[in-house]
Amino acid sequence: MSASLRREVDMEMRSLLSSRRGPPSRLKRAVRYALEGPGKRVRPVLCLMAAEACGTSRRRAMPAALALEMIHTYSLVHDDLPAMDDDDLRRGRPTVHKAFDEATAILAGDALLTLAFEVLASAALPAERRAALVLELARGAGWAGMVGGQALDLEAEGRRVGLSGLLGIHRRKTGALLLAAVRMGGIAAGADRRRMDALTVYGRAVGLAFQIQDDILDVTGSEKAMGKRLRKDAASGKATYPGLLGLERSRRRARALVDEAVKALGPLGAKAGPLADLARYIVDRER
Ligand code: GRG
């Protein structure tokens, strides 16, 4: 994946954090700690690439990209809490509640969630685009999207879940925010209907492929490379693609989704090359 885009996102994030009036210092340190962990920055990079594929500069889409990484990071901080997944390792470092404490981790997640919307609402974009971005992110992250998916996932624990149930969980928990990332790039660029439709098909396929690969890596990946504890899915009896389909069929399914995603980029022309590469990276990645 594009290391230079990832670095650009990290630089912009640092400058945004230092420009905002600070919260109490312990909370600020926890927020920085969470954001500065070496994540892949897939969501902001998808957003910036989608914006460029629709003919606008990365600068115009940067607030949306940063807001997406904030929402994603908050979800990881909360997901790692003892009341949820109870993890002590994330992005190769102690989770926020281990490095700080549980109350600070909850507040850091809350602060990231609200800051994301502050950043979007104050972006230097026409008012209708700002409103559309806020709506898109709220839908992707909220109860019909990521939060709803997390709730379904928790409810499914210890129950038999078939492929369509699993699809419903994945589409919300992981897919909804990835789809929002792609569409927000288009919205920041003021893309027309045809381009938005193309991005939507691409975003859905890539979102699901990403989660299938995550399930595969939970079985085959290295904890060092992934920076988190693995093999938890099987240990907790969680439904996964490899669990339901086996590894080989899961890999084929992920590759077919990538082909579908790349094909959907047709209307965007050559400018969508980086999005096609990113789709391939998503299933080839080892972390
Ligand atoms: C707690 C509201 C709430 C939601 C949690 C995202 C999530 C929902 C839980 C995290 C656990 C998990 C395995 C989610 C599936 C999505 C996923 C693979 C997240 C990890 O994303 P990466 O690989 O992480 O992009 P980095 O660290 O690279 O940013």
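Scroll up to find the structure this text is about.
Reference entry: report on the structure contained in this document.

1. Re the nonpolar core
By size, the foremost hydrophobic cluster in this structure holds 88 residues, and its most contacted members are Leu46, Met70, Leu137, Met184, Tyr202 and Leu275. Of all the elements, helix α4 (residues 58-79) adds the most residues to this core, at 11 residues. If we skip the residues at most four places from it in the chain, Leu137 touches Ala67, Leu68, Ile71, Ala116, Phe117, Leu120, Leu177 and Met184.

2. Some thoughts on the state of the cysteines
Tallying each qualifying case throughout the model produces 0 disulfides. Of all cysteine sulfurs in the structure, the one in Cys54 sits closest to Cys47, which takes part in no disulfide; the separation is 10 Å.

3. Quick word on the pattern of salt bridges
The full count for this structure, using the stated rule, is 21 salt bridges. Salt-bridge contacts for Asp153 lead to Lys238; the nearest nitrogen and oxygen are separated by 3.1 Å. Note that Asp153 is positioned in helix α8 (residues 146-156) and Lys238 in the loop between α12 (232-235) and α13 (241-245), a separation of 85 residues in sequence. Note on Asp153: relative accessible area 10%, which makes it buried. Arg255 is paired through a salt bridge with Glu248; the nearest N and O atoms lie 3.8 Å apart. In this structure Glu248 comes out as partly exposed when scored by relative accessible area, which is 40%.

4. Some points on the packing of aromatic side chains
Applying the stated criterion to the full structure yields 1 aromatic pair. Each ring, one from Tyr33 and one from Phe100, has its centre 5.6 Å from the other, and the planes form 70°; the classification is edge-to-face. Taken together, the positions of Tyr33 in helix α2 (residues 25-36) and Phe100 in the loop between α5 (96-99) and α6 (102-121) put the pair 67 residues apart, joining distant regions of the chain. Given the relative accessible area of 19%, Tyr33 is considered buried. The buried category is assigned to Phe100, whose relative accessible area is 16%. The ring of Phe210 carries Arg43 above its face, with NZ or CZ at 5.3 Å from the centroid.

5. Thoughts on the site of the ligand
The environment of the ligand is formed by 17 residues, the closest being Lys40, Arg43, His72, Asp79 and Arg91. Between the ligand and Arg43, the relevant distance is 2.8 Å, taken from an oxygen atom to a side-chain nitrogen or oxygen of the residue. Measuring from an oxygen atom of the ligand, one finds a side-chain N or O atom of Arg91 at 2.8 Å. Here the ligand loses 92% of its free accessible area of 700 Å² to cover by the protein chains. For the shell around the ligand, the secondary-structure elements that each account for two or more residues are α4, α8, α9 (163-188) and α10 (193-220). Of all the elements, α4 adds the most residues to the shell around the ligand, at 6 residues. Taken together, the residues that form the shell around the ligand break down as 4 nonpolar, 7 polar and 6 charged.

6. With respect to helix α3 (residues 42-53)
Each turn of an α-helix holds 3.6 residues, which means side chains three or four residues apart point in the same direction. Relative to the 16 Å expected for 12 residues at 1.5 Å per residue, α3 spans 16 Å between its end C-alpha atoms, a close match to the ideal helical length. The buried count for α3 comes to 11 of 12 residues, which makes it a mostly enclosed element. Within the sequence span of α3, burial applies to Val42, Arg43, Pro44, Val45, Leu46, Cys47, Leu48, Met49, Ala50, Ala51 and Ala53. Check the buried side of α3 and you find it contacts α1 (3-19), α4, α9, α10 and α15 (273-284). Directly beyond the C-terminal end of α3, a positive phi value near 90° is found at Gly55.

7. Digging into the side chain of Arg41
By secondary structure assignment, the location of Arg41 is in the loop between α2 and α3. Among the polar contacts made by the side chain of Arg41, one reaches the main-chain carbonyl oxygen of Leu35 at a distance of 3.1 Å. Leave out the neighbours within four places in its chain, and Arg41 touches Met1, Arg6, Asp10, Leu35, Glu36, Glu69 and Arg91.

8. Considering the environment of His97
Take His97: it is sitting in helix α5. Distance in space between the C-alpha atoms of His97 and Val77 is 7.8 Å, their sequence separation being 20 residues. Engagement of the side chain of His97 in a polar contact is seen with the backbone oxygen of Asp87, the distance being 3.5 Å.

9. Some points on the packing of α3 against α15
What describes two packed helices is the angle between their axes and the distance between those same axes. Packing of α3 against α15 leaves a shortest axis separation of 9 Å and a crossing angle of 155°. As far as their axial angle goes, α15 and α3 are roughly antiparallel. For the pair α3 and α15, the sense of crossing is left-handed. Two secondary-structure elements touch here, α3 through Val42, Val45, Leu46, Met49, Ala50 and Ala53 and α15 through Pro274, Leu275, Leu278, Tyr281 and Ile282.

Procedures and definitions
Residues numbered from 1 in each chain as written. Predicted model: local features only at pLDDT ≥ 70, side-chain atom pairs only at ≥ 80, totals over all residues. Heavy atoms only, no water. Core = buried A, V, L, I, M, F, W, Y, C linked by side-chain atoms within 4.5 Å. Buried < 20%, exposed > 50% of the residue type's maximum accessible area, 1.4 Å probe, protein only. Helix = DSSP H or I, 4+ residues; strand = E, 2+ residues; numbered from the N terminus. Contact = heavy atoms within 4.5 Å. Disulfide = S-S within 2.5 Å. Salt bridge = Lys/Arg side-chain N within 4 Å of Asp/Glu carboxyl O. Phe/Tyr/Trp six-rings, centres within 6.5 Å; stacked < 30°, edge-to-face > 60°. Lys NZ or Arg CZ within 6 Å of the ring centre and 35° of its normal. Near = heavy atom within 4 Å. Polar contact = N/O pair within 3.5 Å; in protein donor to acceptor, adjacent residues only side chain to side chain. Areas by Shrake-Rupley, 256 points an atom, 1.4 Å probe, with all protein chains shown as cover. Nonpolar A, V, L, I, M, F, W, Y, C, P; charged D, E, K, R; others polar. Expected span 1.5 Å × (residues − 1). Axes fitted to C-alpha atoms, helices over the stretch in contact; angles between N-to-C directions. Parallel < 35°, antiparallel > 145°, perpendicular 65-115°, else oblique. Left-handed = near helix turned anticlockwise from the far one by under 90°.

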